[in-house]
Amino acid sequence: MALYLDAQGSVEVGAEVSEPFAGNDRVHCSQLPGGRVVTATHFGPYTRLSEAHAAIRAWCAEHGLRWSVVCWEIYGHWEESWNTDPSKIRTDVFYLLDTGLPATVTG
């Protein structure tokens, strides 16, 4: 999974675990933020993930919702068949909604 934390490109990359753990100087335990999210499931190659992000932002704008800069992608466990058929690659995309008042969002 990849957690995008801000507009400057800060990102945490990791794997889901079932419970918190003690980290060290190279690995730390983190968690996804809580709150309302908008999500979409993308099937296809990673090079087209931007389409899922654009669809979420468009849906938010249509419904008067504002997304925050925090978003994340959860990638399916790689399967051998994806090497020959990338249309089966699954990625779930999430945007944390801004808790402020609904607004029209551009971008």
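Let us look at the structure shown here.

Basis of the calculations
- Along each chain, residues carry numbers from 1 onward, in the same order as the chain's sequence is written.
- Restriction of local features to residues with pLDDT of at least 70 applies here, the model being predicted, together with a cutoff of 80 or more for giving and counting side-chain atom pairs; totals for whole chains, interfaces and linings are based on all residues.
- To obtain the side-chain values, all non-hydrogen atoms of the structure were used and water was disregarded.
- Two strands make a pair as long as DSSP finds a minimum of two bridges between them.
- Comment: elements are numbered from the N terminus, with helices defined as DSSP H or I runs of at least four residues and strands as E runs of at least two.
- The convention used is that axes are lines fitted to C-alpha atoms, helices contributing only their stretch in contact, and that angles between N-to-C directions extend from 0 to 180 degrees.
- Note on contacts: a residue pair qualifies if any of its non-hydrogen atoms lie within 4.5 Å across the two residues.
- The length a helix should cover is 1.5 Å for every residue beyond the first.
- Only protein chains enter the accessibility calculation, which uses a 1.4 Å probe; a residue whose area is less than 20% of its type maximum is buried, one above 50% is exposed, and one in between is partly exposed.
- Working definition: the arc comes from the directions between the helix axis and the C-beta atoms, pointing outward to the latter.
- What qualifies as a polar contact is a pair of N or O atoms within 3.5 Å, subject to a donor-acceptor requirement within protein and to the restriction that residues adjacent in sequence count only when both atoms come from side chains.

1. Regarding the sheet that holds strand β2 (residues 11–13)
Each strand in a sheet pairs with its neighbour through backbone hydrogen bonds, running either in the same direction (parallel) or in the opposite one (antiparallel). With respect to topology, 5 strands assemble into an open sheet ordered β2-β1-β4-β5-β3, the strand pairing being antiparallel. The open sheet is flanked by β2 and β3 (37–43), the only strands paired with a single partner. Across the sheet, the mean angle from the axis of one strand to that of its neighbour is 15°, orientation sign disregarded. Across 3 bridges, strand β1 (residues 2–4) lies against β2 in antiparallel orientation. The partner of Tyr-4 across the bridge, within β2, is Val-11. The strands that helix α1 (residues 49–62) touches are β3, β4 (67–75) and β5 (90–97); relative to β5, the one it contacts most, it runs at about 35°.

2. Comments concerning α1
Between the first and last C-alpha of α1 there are 20 Å, a value that for 14 residues agrees with the 20 Å anticipated at 1.5 Å per step. Taken residue by residue, α1 has Leu-49, Ala-52, His-53, Ile-56 and Cys-60 as its buried positions. The buried side chains of α1 occupy one side of the element, clustering within an arc of 100° when seen end-on. The inward-facing, buried residues of α1 contact β3, β4 and β5. Positive phi shows up at Gly-64, right after α1, with a value of about 65°.

3. Examining the side chain of His-53
Relative to the helices and strands, His-53 resides in helix α1. Overall, the relative accessible area of 10% leaves His-53 in the buried class. A polar side-chain atom of His-53 sits 2.7 Å from a polar atom in the side chain of Tyr-95. Excluding anything up to four places from it in sequence, His-53 contacts Cys-71, Glu-73, Val-93 and Tyr-95.

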